[in-house]
Amino acid sequence: MAAPAYPAWVTRWVSGQWRNKKRPPALRPPRTLALADKVANRREQLAEATCITEMSVMMACWKLNDFNDAPCAQEIRMFYDCVAKAEKERKNQNGDTQSSRGNLPSSKVNKLLKRFPQMTRYV
């Protein structure tokens, strides 16, 4: 004996596909799903100012001594040491490919996208 042949809608109804609107949504993207050739240039977050206190101490010393460098030699040396230390830290940070948030800057993303372009058709 052959099993009775039901219409397709009965099979879907019995399987519960239409109950509680559980059928899969129709996904139709408005554009093709591919990366763009470039991203927008965004400004990276500006770093905070460094050595402000050393600079203000040095300038206050200059003002007290009528802008003579000889009495303020220690303050000037402290300021230059701070600048050298900040420059060294900045160079070490720029050596990394990622910024502090873990994202690539837009310039590096554009370089990568130019290096590996999107395939628009298959060969």
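As the structure is a computational prediction, the values presented were derived from the model and not from experiment.

S.K.: I'd love a proper account of the overall build of the protein, names of residues and values included.
M.R.: The secondary structure content of the protein amounts to 4 helices and 0 strands. Ordered by position in the sequence, the α and β elements of the protein form the string α-α-α-α. Surface exposure of the protein reaches about 12200 Å², of which carbon and sulfur atoms provide 56%.

S.K.: Go over the environment of Asn-110, please, and point to the residues and values.
M.R.: Mapping Asn-110 onto the fold places it in helix α4 (residues 106–115). Since its relative accessible area comes to 16%, Asn-110 is described here as buried. Expressed as a C-alpha distance, the spacing of Asn-110 and Ala-36, which sit 74 residues apart in the sequence, is 9.8 Å. Ignoring anything within four residues of it in the chain, the contact list for Asn-110 reads Lys-38, Val-39 and Asn-41.

S.K.: Give a description of the nonpolar core that names residues and reports values.
M.R.: Buried together is how nonpolar side chains tend to be arranged in soluble globular proteins. Within the largest apolar cluster, 7 residues are counted, these being Cys-51, Met-58, Cys-61, Cys-72, Ile-76, Phe-79 and Cys-82. Mapped by element, the contributors of at least two residues to this core are α2 (52–64) and α3 (73–95). Beyond its immediate stretch of four places on either side in the chain, Cys-61 contacts Pro-71, Cys-72 and Glu-75.

S.K.: Please provide a residue-by-residue account of a nonpolar patch on the surface, values included.
M.R.: A grouping of Leu-104, Leu-112 and Phe-116 is seen on the molecular surface, where their side chains present a nonpolar patch of about 280 Å² in accessible area. Looking at the secondary structure, you find Leu-112 in helix α4.

S.K.: Go over the pattern of salt bridges with me, naming the residues and quoting the values.
M.R.: Counted by the stated rule, this structure contains 1 salt bridge. Glu-87 is the salt-bridge partner of Arg-90, the closest N and O atoms lying 2.4 Å from each other. With a gap of 3 residues between them, Arg-90 and Glu-87 both fall in helix α3, about one helical turn apart. Under the relative-accessibility criterion, Arg-90 is labelled partly exposed at 40%.

S.K.: Describe the packing of aromatic side chains, naming the residues involved and giving the relevant values.
M.R.: Scanning the entire structure with this criterion turns up 1 aromatic pair. A ring pair is formed by Phe-79 and Tyr-80, whose centres lie 5.8 Å apart and whose planes are at 50 degrees; its orientation type is tilted. When its relative accessible area of 15% is taken as the criterion, Phe-79 is described as buried.

Definitions and cut-offs
- In every chain, residue numbers begin from 1 and rise along the written sequence.
- Restriction of local features to residues with pLDDT of at least 70 applies here, the model being predicted, together with a cutoff of 80 or more for giving and counting side-chain atom pairs; totals for whole chains, interfaces and linings are based on all residues.
- Water and hydrogen atoms play no part in the side-chain values, which are based on all heavy atoms of the structure.
- Each helix is a run of DSSP H or I of at least 4 residues and each strand a run of E of at least 2, with the numbering of both proceeding from the N terminus.
- Only the protein chains shown count as cover for residues, with accessible areas throughout obtained via the Shrake-Rupley method and a probe of 1.4 Å.
- When accessible area is computed with a 1.4 Å probe and restricted to protein chains, residues below 20% of their type maximum are described as buried, those above 50% as exposed, and intermediate ones as partly exposed.
- We call two residues in contact whenever any of their non-hydrogen atoms come within 4.5 Å of each other.
- By convention a nonpolar core is built from buried Ala, Val, Leu, Ile, Met, Phe, Trp, Tyr and Cys residues, the set being connected through side-chain atoms within 4.5 Å.
- Distance thresholds for patches are 9 Å for like charges and 5 Å for nonpolar side chains (Val, Leu, Ile, Met, Phe, Trp, Tyr), applied to residues having over 30% relative accessible area and no salt bridge.
- Basic side-chain nitrogens of Lys or Arg form a salt bridge, by our definition, when they fall within 4 Å of a carboxyl oxygen of Asp or Glu.
- Ring pairs shown here join Phe, Tyr and Trp side chains whose ring centres sit within 6.5 Å, with only the six-membered ring taken for Trp; geometry is labelled stacked below 30 degrees between planes, edge-to-face above 60, and tilted in between.

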